Amino acid sequence: MSTFNRNTLVKVLEILDSSHAQEALAAAKLASAMVREAGLTWDQVIDDAVLPRVAAPSLPAQETAQARTPGAGPFGYRRERELSPHEQFFMVLLSPRTPVDIKRKLRSWEGRVLDGDITPQESADLQFMYQSFVVG
C-alpha cells in the first residue's frame, strides 16, 4: 500500500465528471489500474477513505526509506510494468511539472489517444513527455 497515491486517485476520479464520455472512461480505467497495481481492492480504498484517519507516528528516516517499495514508480505504478499510451497521457496531463503549452497540445490528441489511433511518432513523443514530466 506504500505505492498508492490517494491524491492522484482523487484527481483521476474527478475526471469521471467530464462531459466527454471517452475521457471519463479512460479516467475510470486509469483509476482501476492504479488500485489494482497498488494491490488493493475498491472495497479497501473506500473503507480507508470512510474510516477516520489516525495520525501515524513519525518514523526515523532510515525506517521510512525501508518502508518504501523498491519498484515503486510515479503515481504508485510498478516500474516493471509498461504503461499504456492512455495511462501515460493522463499522467502527463495530471503532472504539475507538465508545462501548460504541452497540456494544450495533448488535449488535441485526446480522442485519438483514447481510441488508440495515435501515430508511432506521437506514441514516442508521449513516452518522452512521460519520462520528462512524470518520471523526471
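You'll find the structure just up there.
Residues numbered from 1 in each chain as written. Predicted model: local features only at pLDDT ≥ 70, side-chain atom pairs only at ≥ 80, totals over all residues. Heavy atoms only, no water.

## Describing the packing of helix 2 (residues 21-37) against helix 6 (residues 100-115)
- Between helix 2 and helix 6, the shortest axis-to-axis distance is 10 Å and the interhelical angle comes to 65°. When the axes of helix 2 and helix 6 are compared, the pair comes out roughly perpendicular. Between helix 2 and helix 6 lies a crossing whose hand is left-handed. Contacts from Gln22, Glu23 and Ala26 in helix 2 reach Arg107, Glu110, Gly111, Leu114 and Asp115 in helix 6.
- Class assignment of the residues belonging to the contact of helix 2 with helix 6 gives a composition of two nonpolar, two polar and four charged. (Axes fitted to C-alpha atoms, helices over the stretch in contact; angles between N-to-C directions. Helix = DSSP H or I, 4+ residues; strand = E, 2+ residues; numbered from the N terminus. Parallel < 35°, antiparallel > 145°, perpendicular 65-115°, else oblique. Left-handed = near helix turned anticlockwise from the far one by under 90°. Contact = heavy atoms within 4.5 Å. Nonpolar A, V, L, I, M, F, W, Y, C, P; charged D, E, K, R; others polar.)

## Re helix 5 (residues 85-94)
- A large share of helix 5 lies buried, amounting to nine of its ten residues.
- Along helix 5, the residues classified as buried are His86, Glu87, Gln88, Phe89, Phe90, Met91, Val92, Leu93 and Leu94.
- Buried residues along helix 5 sit against helix 1 (6-14), helix 2, helix 6 and helix 7 (120-135). (Buried < 20%, exposed > 50% of the residue type's maximum accessible area, 1.4 Å probe, protein only.)

## Looking at the pattern of salt bridges
- Counted under the stated rule, the structure contains two salt bridges.
- Among the salt bridges present, the one from Arg107 reaches Glu110, with a minimum N-O distance of 3.1 Å. Remark: Glu110 and Arg107 occur in helix 6; sequence separation between them is three residues, near one turn of the helix.
- Residue classification places Glu110 among the buried residues on the basis of a relative accessible area of 11%.
- Glu122 is the salt-bridge partner of Arg112, the closest N and O atoms lying 2.6 Å from each other. On the criterion of sequence distance, the pair formed by Arg112 in helix 6 and Glu122 in helix 7 is long-range, its members being ten residues apart. (Salt bridge = Lys/Arg side-chain N within 4 Å of Asp/Glu carboxyl O.)

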